Amino acid sequence: MMATLSMSAFSVRAHARSTLNAGARNPVKATMTTRAPRLPATRARGASLVANAAFTPAGAKIAGVGMAVPAQYLTNEDLSELVDTNDEWIRTRTGIGKRHVISGDESLTSLAADASKKALEMAGVDAEDIDLILLSTSSPDDLFGSACTVQAAIGAKGALAVDLTAACSGFVVGVVNGIHFIRGGEYKNVLVIGADVLSRYVDWRDRGTCILFGDGCGAMVLTSTPNPDDCCLLGFDMHSDGTGNHNLTAKFTAEIGAETDGKSKPCAAGEAAPSGRGAFCNIGMNGQEVFKFAVRTVPDTVSKSLDKAGMTSEDIDFLVMHQANQRIIDTAAKRFGLGPEKVVSNIAKYGNTSAGSVPIAMAEAVEEGRIKEGDIVATAGFGAGLTWASAILRW
């Protein structure tokens, strides 16, 4: 899914290549074909009746953000009743004090809908005016994805809604894709959501992982601007390395209650095997390797994004990273010479919410009045895949 979205989004880059990496610093205007006449408003968005689509490049801006977390949470003291640990041990190694977990009727869809409505309200955009929804998640409520159920929950009747999987890098990848769709000129309003409910896949007797993960969601509304040179994306950098996949997984396992014996499901022996339910393993992680991977890749990817934006670390107003471990955040901040006043960290309250962590941190910083219009925000995600991505955004 991610590869398909990226190819679709980046195909428009050729029309506006000069403005994407450096914003309005060195614009080189390209001659574009005239926009094709709009079809009647009753047609479904994306249903084109013209042989060759024509694009009028546009700018893009961040219009609104929102967040949502479950009502229930587990403190470090709560976890000490499940595994051999304590508050000091967890805080010293991770910086985490508590994490929220879904319960009752809560779901990934309900959290995503709540965060999205808040972002839409801040942006002053009606749900019916959203053209595209990108839901970055590794834990949808349905195997086939949850973007469409979020679309229905918020009333975004005209939007294409698709899931994007890039683990903890997902939101940053989603934002870059969303901006490219707007830059092509055919999408006016894009909703990007980062959400995960990994508590479903945590072994709550495994001290190495249960202390880390929490559930949560953040959302961002991106809107178009008429000037192609006016773009909030100043530079970006994205990577994958499948050779490191084994360091962080939640693999599909044999069907529940059935002995497949390595055979395909319909050919498996045993009366119950063909009807067995599929399932995924709990999260397995090589903590030391993931830590070393993050400490190595985050400064590198942020530096590359800064270079593409024509900036240095001195231009950064705020660093908003994936909230995986406070020590990783501190290491990156030190590398760029950023004091605590320029670093957004809320890992103590929410733990690692995977694709939700970056947008939750952004939304909370905006709500607190820290991130303001015009600020330069460096953001980075990293995680399973392995994937890592960064972007320099002008708020």
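Sequence order sets the numbering: in each chain, residues are counted from 1 along the sequence as written. pLDDT decides what is reported in this predicted model: residues at 70 or higher carry local features, side-chain atom pairs at 80 or more are listed and counted, and totals for whole chains, interfaces and linings draw on all residues regardless. The side-chain figures draw on all heavy atoms in the structure; neither hydrogens nor water molecules are used.

Let us look at the overall build of the chain. Secondary structure follows DSSP: runs of H or I at least 4 residues long count as helices, runs of E at least 2 residues long count as strands, and numbering of each begins at the N terminus. Secondary structure assignment for the chain yields 12 helices and 16 strands. A simple rule labels every residue: compare its accessible area, found with a 1.4 Å probe on the protein chains alone, to the largest value its type can have, and call it buried under 20%, exposed over 50%, or partly exposed in between. With 395 residues in all, the chain has 53% of them scored as buried. Throughout, the Shrake-Rupley method with a 1.4 Å probe supplies accessible areas, and for residues the shown protein chains are the sole cover considered. Only carbon and sulfur atoms are counted for the fraction: they give 52% of the accessible area of the chain, which is about 17,500 Å².

Here we have five strands laid out as an open sheet, ordered β8-β16-β15-β13-β14, and mixed in their pairing. At either end of the open sheet lies a strand with only one pairing partner, and these are β8 (233-240) and β14 (343-344). A pair of strands is labelled paired if DSSP reports no fewer than 2 bridges between them. Pairing geometry for strand β15 (residues 376-383) and strand β16 (residues 387-394), over eight bridges, is antiparallel. When the sheet's bridge partners are listed, Val 377 is paired in β16 with Leu 393.

A word on a nonpolar patch on the surface. Here, patches come from residues exposed beyond 30% relative accessible area and free of salt bridges, joined within 9 Å for like charges and within 5 Å for nonpolar side chains (Val, Leu, Ile, Met, Phe, Trp, Tyr). Criterion for a salt bridge: a side-chain nitrogen of Lys or Arg within 4 Å of a carboxyl oxygen of Asp or Glu. On the surface, Leu 143, Phe 144, Phe 252 and Phe 280 cluster together into a nonpolar patch covering about 550 Å² of accessible area. Tracing the backbone through its elements, the reader meets Leu 143 in the loop between β4 (132-136) and α6 (147-154). Taking relative accessible area as the criterion, Leu 143 reaches 71% and is therefore assigned exposed.

So, about the environment of Ser 116. Position of Ser 116 relative to the elements: it lies in helix α5 (residues 108-123). What makes Ser 116 buried here is its relative accessible area of 0%. As for Ser 116 and Ala 68, which are separated by 48 residues in sequence, their C-alpha atoms are 8.8 Å apart. Contacts: residue pairs with any heavy atoms within 4.5 Å of one another. Sequence-distant contacts of Ser 116, that is, excluding residues within four places in its chain, are made with Val 150, Ile 154, Leu 191, Ile 193 and Ala 219.

What follows is about the side chain of Thr 379. Looking at the secondary structure, you find Thr 379 in strand β15. For Thr 379, a relative accessible area of 2% corresponds to the buried category. Here the side chain of Thr 379 touches Val 320 through a polar contact of 2.8 Å, landing on its backbone oxygen. Setting aside chain neighbours within four positions, we find Thr 379 in contact with Val 172, Val 320, Val 358, Met 362, Ala 389, Ser 390, Ala 391 and Leu 393. Pairing of N or O atoms within 3.5 Å defines a polar contact, subject to two protein rules: one partner must be a possible hydrogen donor and the other a possible acceptor, and residues neighboring in sequence count only if both atoms are side-chain atoms.

Strand order across the open sheet formed by five strands is β1-β7-β6-β4-β5, with mixed pairing between neighbours. Only two strands of the sheet have a single neighbouring strand rather than two, namely β1 (59-68) and β5 (160-164). Strand-to-strand twist across the sheet, computed as the mean angle between neighbouring axes with direction ignored, equals 20 degrees. By the bridge criterion, five bridges tie β4 to β5 in an arrangement that is parallel. Bridge pairing links Leu 134 to Val 162 in β5. To obtain an axis, a line is fitted to C-alpha atoms, over the contacting stretch when the element is a helix, and the angle between two such axes runs from 0 to 180 degrees between their N-to-C directions. This element, helix α7 (residues 170-183), spans β1, β4, β5, β6 (189-197) and β7 (215-225) of the sheet and lies at about 20 degrees to β7.

Inspection of the secondary structure puts Asn 346 in the loop between β14 and α11 (347-350). Since its relative accessible area comes to 4%, Asn 346 is described here as buried. Excluding residues within four positions of it along the chain, Asn 346 makes contact with Gln 323, Ile 360, Ala 361 and Glu 364.

With that out of the way, let us pick up helix α12 (residues 357-367). Burial within α12 is extensive, with 10 of its 11 residues counted as buried. Considered for burial, the residues of α12 that qualify are Ser 357, Val 358, Pro 359, Ile 360, Ala 361, Met 362, Ala 363, Glu 364, Ala 365 and Val 366. Taken from the residues just after α12, Gly 369 is the one with a positive phi, measuring 85 degrees.

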